[in-house]
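# Understanding the architecture of this molecule
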Amino acid sequence: MKIRNVIIPALSLLVIGSAHAQQNHKSYPDTARFNNLNKEELFSRGERLTLATCGSCHFGNDGLLSGKLMEDVPKVFGTVYSANITNDPAHGIGGWSNGQLAYFIRTGIKPDGKRANLAMPRFPNIADPELESIIAFLKSDSSASKASELAEPKTKIKLAGKLATKMVLDNYDYPKAPRQTTDTTFLIGYGDYLVNDVLHCFACHSANIAKIDIKNPTRSKGYLGGGSKLIGMNGEKIISPNITFDNATGLGSYTEQQFLDVMKMGRKISGDWIKPPMQPYTSLSDNDIRAIYEYLKVVPVVNNKKLVTSRSTK
Amino acid sequence: MKAPKSLFLLAFLSGCLSVTAQKKHQNESAGNPTVEISALLAKHGCSSCHHTVRRIVGPPFADIAKRNYQSEAIVEKIGNPQPASWPGYPPMPALTVPDEDASKIADWINSIAANGGTEAAKRP
């Protein structure tokens, strides 16, 4: 947290960075194909993915995707409200084209050329089918995405937050060769994609949330071996569980059915229930969860002796 | 460049974890569960998805209270959820909760005042 060590080099980058953002906006890649989506066909998958991926941060006080205060963003970075991503043209994303939305989700760059703040994840490796589904859902008048005029106060990012965003997130350009297809039948590959590129499981479940690698998730320190310090519902400390298949400290003894139970219902084999910030993923399909299971089974095992297994994984 | 990266990731991830926002935000007066009810909600896994007044995964208890179900009906729905009644929410799995505990939870839900939850925001 030695911010002063980075302020001086970062200040110069800040200036360059602003110009850079403008340039990116000019070189918009062709995302026009997202403008002709078969919304009805994509809707239900889009609903499931959006509830699983976007919901935890964007559900607001009216139960719609209208945004809320993100109290856990450290105050040193500023005061952050998640955006209203409902279909309201003035307060939400109702005025964005599908292509603009696709571009934003992959890069974090809004139609006006500005970048989303540091609390918003980027999804550079999400494939077209999932992106299309999420867009179809967000642009529908569903009971989560229909227009809400709820306007939370404006996000205020302090200098430290701006620097962090500029220095780390500015390089999320639109991928040169976006992933175009998703094979949901090859379970290990599909699970890899869900864990690393869509659901970002590795972010909380590796050794240290401050030492993950979003572009190359498997290079994150202690990849999927748990141990990250998280914050629970009542401000209590939560240590993330090891979700590699280590027998002693991980998921080694979970059968596929037991894994389905913990993912969909939240019930662990110990009889305990998972707690926030983890949530049951009841909106994922059984095939999705089986794919995650098959992938986790082939991830190199981490024997994380630091974990008190009775209270974390099991 | 290690320091800023760490800073960013910390912020990004803690952003993802903003569920703690629920602890001191809006409408807390609606009827916090007693110690006994809190323990039951935790024991049977309810609190993994439901909060008194805020949307987590499932609807807030305060919104369930507004449906004016009989307590017996709530007990029945815990064991046999009807996702069609709650469009916009992911389906709830059927839970096995002993009737005695389920009744206590149901009675508590129905005791929650009508001024909390997400649906109140839509109605004047």
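A brief report on the enclosed structure follows. (Residues numbered from 1 in each chain as written. Chains lettered and ligands numbered in written order. Predicted model: local features only at pLDDT ≥ 70, side-chain atom pairs only at ≥ 80, totals over all residues. Heavy atoms only, no water.)

### Some thoughts on the overall build of chain A
When helices and strands are tallied, chain A shows 10 helices and four strands. The helix and strand sequence of chain A, counted from the amino end, reads α-α-α-β-α-α-β-α-α-α-β-β-α-α. A burial count over chain A gives 56% of its 314 residues as buried. Contacts in chain A between residues far apart in sequence, at least 24 positions, make up 64% of those at least 6 positions apart. Within the structure as shown, chain A displays about 13800 Å² of accessible surface, and the carbon and sulfur contribution to it stands at 53%. (Helix = DSSP H or I, 4+ residues; strand = E, 2+ residues; numbered from the N terminus. Buried < 20%, exposed > 50% of the residue type's maximum accessible area, 1.4 Å probe, protein only. Contact = heavy atoms within 4.5 Å. Areas by Shrake-Rupley, 256 points an atom, 1.4 Å probe, with all protein chains shown as cover.)

### Observations regarding a positive patch on the surface
Residue and element names in this part refer to chain A. Where like charges cluster on the molecular surface, the positive patch consists of Lys211, Lys221, Lys229, Lys237 and Lys306. Tracing the backbone shows Lys237 in strand S4 (residues 237–239). Overall, the relative accessible area of 67% leaves Lys237 in the exposed class. (Patch = residues over 30% accessible without salt bridge, like charges linked within 9 Å, V, L, I, M, F, W, Y side chains within 5 Å. Salt bridge = Lys/Arg side-chain N within 4 Å of Asp/Glu carboxyl O. Lys, Arg positive; Asp, Glu negative; His and termini not counted. Charge placed at Lys NZ, Arg CZ, Asp CG, Glu CD.)

### Concerning the pattern of salt bridges
Residues and elements named next belong to chain A. Counted by the stated rule, this structure contains 13 salt bridges over all chains. A salt bridge links Arg179 to Asp197; the shortest N-O distance between them is 2.7 Å. Placement of the pair is Arg179 in the loop between helix H6 (159–169) and helix H7 (187–198) and Asp197 in helix H7, with a sequence separation of 18 residues. Linking Arg267 and Asp261 is a salt bridge whose minimum nitrogen-to-oxygen distance equals 3.9 Å. Since its relative accessible area comes to 31%, Arg267 is described here as partly exposed. Look at the salt bridges and you will find they share partners, linking Arg33, Arg106 and Asp128 into a network.

### Focus on the state of the cysteines
Disulfides are covalent bonds that link the sulfur atoms of two cysteine residues. Residues and elements named next belong to chain B. Taken as a whole, this structure holds zero disulfides over all chains when the rule is applied. Residue Cys46 stays outside any disulfide, its sulfur separated by 9.2 Å from that of Cys49, the closest cysteine. Judged by its relative accessible area of 11%, Cys46 is buried. (Disulfide = S-S within 2.5 Å.)

### Some remarks on the nonpolar core
Judged by nonpolar contacts, the single largest core of 62 residues is most densely connected at Val195, Leu199, Leu224, Phe259, Ile292 and Leu296 of chain A. Those elements that provide at least two residues to this core are helix H2 (39–53), helix H4 (98–107), helix H5 (128–138), H7, helix H8 (201–205), helix H9 (256–264) and helix H10 (286–298) of chain A. Leave out the neighbours within four places in its chain, and Phe259 of chain A touches Leu251, Tyr254, Ile289, Ile292, Tyr293 and Leu296 of chain A. Counting residues in hydrophobic clusters, the runner-up holds 25 residues, among them Ile64, Val75, Leu95 and Ile112 of chain B. (Core = buried A, V, L, I, M, F, W, Y, C linked by side-chain atoms within 4.5 Å.)

### Quick notes on the packing of H2 of chain A against H5 of chain A
Residues and elements named next belong to chain A. Between H2 and H5, the shortest axis-to-axis distance is 7 Å and the interhelical angle comes to 95°. Here H2 lies roughly perpendicular to H5, going by the angle between them. Here Lys39, Leu42, Phe43, Arg45, Gly46, Glu47, Leu49 and Thr50 of H2 lie close against H5, whose contacting residues are Glu130, Glu132, Ser133, Ile134, Ala136, Phe137 and Leu138. Looking at the contact of H2 with H5 residue by residue, the classes come out as seven nonpolar, three polar and five charged. (Axes fitted to C-alpha atoms, helices over the stretch in contact; angles between N-to-C directions. Parallel < 35°, antiparallel > 145°, perpendicular 65-115°, else oblique. Nonpolar A, V, L, I, M, F, W, Y, C, P; charged D, E, K, R; others polar.)

### Re the packing of aromatic side chains
Residue and element names in this part refer to chain A. A complete count under the given rule lists seven aromatic pairs over all chains for this structure. Judged by centre distance (5.3 Å) and plane angle (50°), the rings of Phe43 and Phe137 are tilted. Of this pair, Phe43 sits in helix H2 while Phe137 sits in helix H5, and the two are 94 residues apart along the sequence. Classification of Phe137 by relative accessible area gives buried; the value is 0%. (Phe/Tyr/Trp six-rings, centres within 6.5 Å; stacked < 30°, edge-to-face > 60°.)

### Some remarks on a nonpolar patch on the surface
Taken together, the side chains of Phe186, Ile188 and Val298 of chain A present a nonpolar region at the surface, about 270 Å² in accessible area. Along the polypeptide, Ile188 of chain A turns up in helix H7.

### Structural notes on the packing of helix H4 (residues 71–79) of chain B against helix H5 (residues 99–111) of chain B
All names here are of chain B. Two elements in contact, H4 and H5, have axes whose closest approach is 8 Å; the angle formed by their N-to-C orientations is 125°. Looking at the two axes, H4 sits oblique to H5. In the packing of H4 onto H5, the handedness of the crossing is right-handed. The segment H4 lies against H5, with Ser71, Ile74, Val75 and Ile78 engaging Asp99, Ala102, Ser103, Ala106, Asp107, Ile109 and Asn110. Residues belonging to the contact of H4 with H5 are distributed by class as follows: six nonpolar, three polar and two charged. (Left-handed = near helix turned anticlockwise from the far one by under 90°.)

### What to know about the environment of Thr107 of chain A
Residues and elements named next belong to chain A. One can find Thr107 in helix H4. When its relative accessible area of 0% is taken as the criterion, Thr107 is described as buried. Along the sequence, Thr107 and Phe123 sit 16 residues apart, while their C-alpha atoms lie 6.9 Å from each other. If we ignore the near neighbours within four places in the chain, the residues touching Thr107 are Arg115, Arg122, Tyr172, Asp173 and Tyr174. Only 2.6 Å separates the side chain of Thr107 from the backbone oxygen of Tyr103, close enough to count as a polar contact. Within the structure, the side chain of Thr107 is placed 3.0 Å from the backbone nitrogen of Ile109, a separation counted as a polar contact. (Polar contact = N/O pair within 3.5 Å; in protein donor to acceptor, adjacent residues only side chain to side chain.)

As far as function goes, none of this settles anything; it's purely spatial.
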